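What follows is each chain in one-letter form.
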Amino acid sequence: MIVSDDSAAQQSNQAYSQLLNEAAQKRALDDDTYQLSRVQSIAKPLVVQAVKMRPDTQKWQWDVHVLKSSEVNAWCMAGGKMAVYTGLLQKIQPTDDELAAVLGHEISHAMLSHQAEKMSRAMMQQAGITAGVIAASVFGVNVRGLAGIADSAATVALQLPNSREAETEADTVGLELSARAGFNPEAAVTLWQKMLKAGGSGAPEWLSTHPNPESRIAAMQAKSKQLMPIYEAVKQGKPVPPYVAPGQAPAKTAAQPVARPAAPKPRPAPVQQPAPAARQPSATTNSRPVTI
């Protein structure tokens, strides 16, 4: 990658600030305080687990806001900058577990450096685009009419969808992230079913870069079943196994030495009993002294 994670996070922070400022001017930022509070309360435990799963993200300036838009969409920039569109909340009406599935998936893209990879591709393809436009475009953010970003940003977004490999990785990590944060991973399946139903003849924006929904739903069903023990353990306050990143082998515990039976103690030598003393003849009263 020609764009590092740190550089991607820095550019994302700038683009995010610009987007929020212009959204506020259009009164399209956090106009529903209830939904904002709800989204933030769901994002908080997800961020806590994201930092545990990738500790260096603790330095990210995590943030989430609700943008007023009719689109069914949500995203997370590099550096932990998130947004949920009111169109997703109103049209899909996700449960808390389902909304956690959306945010967990998008957070996973950032955790896995997918945004930095897309920024690198964008910079190679359009070296003249400003950092702010690149940051907004490669995240799949359709902000036309919302943040005043040039039309070329949307074009770059369409040209740079996430790869199948990236989507599969984000699905896997996102489901585990949700489970470890205490959200039912099986909700991802019902979420996608709602998305497809809401799409009708045209899929929602959030599905436009997520191909093959039927096969992915089947994969999510299988993965969520594997993660149910973790989810149930979290809900019951029990310890859970450590997270293993994709492509890494579980840490092996040190082999314990096999205890050998103790050698039998030697038997003590038999104690020699002293031989009985010879009996001396006893003197009689009739004995007389011998004279010479």
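Structure: above.
First, a word on scope: everything that follows refers to the structure included in this document. (Residues numbered from 1 in each chain as written. Predicted model: local features only at pLDDT ≥ 70, side-chain atom pairs only at ≥ 80, totals over all residues. Heavy atoms only, no water.)

1. A closer look at helix α11 (residues 213–235)
At Leu227, α11 shows its maximal kink, close to 45 degrees; a proline, Pro229, follows between one and four residues later. If you check which residues of α11 are buried, you get Pro213, Arg216, Ile217, Met220, Ser224, Leu227, Met228, Ile230, Tyr231 and Ala233. Looking one or two places after α11, you find Gly237, whose phi comes out positive at around 70 degrees. (Bend = angle between axes of the 7 residues up to and from the residue. Helix = DSSP H or I, 4+ residues; strand = E, 2+ residues; numbered from the N terminus. Buried < 20%, exposed > 50% of the residue type's maximum accessible area, 1.4 Å probe, protein only.)

2. Examining the pairing of strand β3 (residues 81–85)
The buried fraction of β3 amounts to five of the five residues, a majority that puts the element mostly inside the structure. The alternating pattern of β3 places Lys81, Ala83 and Tyr85 and Met82 and Val84 on opposite faces, both of which are buried. Across five bridges, the pairing between strand β1 (residues 63–67) and β3 is parallel. Considered in β3, the bridge of Val66 is made with Val84. (Pairing = 2+ DSSP bridges.)

3. Considering unusual backbone geometry
At Arg27, a residue that is not glycine, the phi angle is positive and equals roughly 55 degrees. Among the structural elements, Arg27 can be located in the loop between α1 (5–25) and α2 (33–53). With a phi close to 50 degrees, Asp30 is a non-glycine residue in the positive phi region. Here Asp30 shows up in the loop between α1 and α2. Residue classification places Asp30 among the buried positions, given a relative accessible area of 16%.

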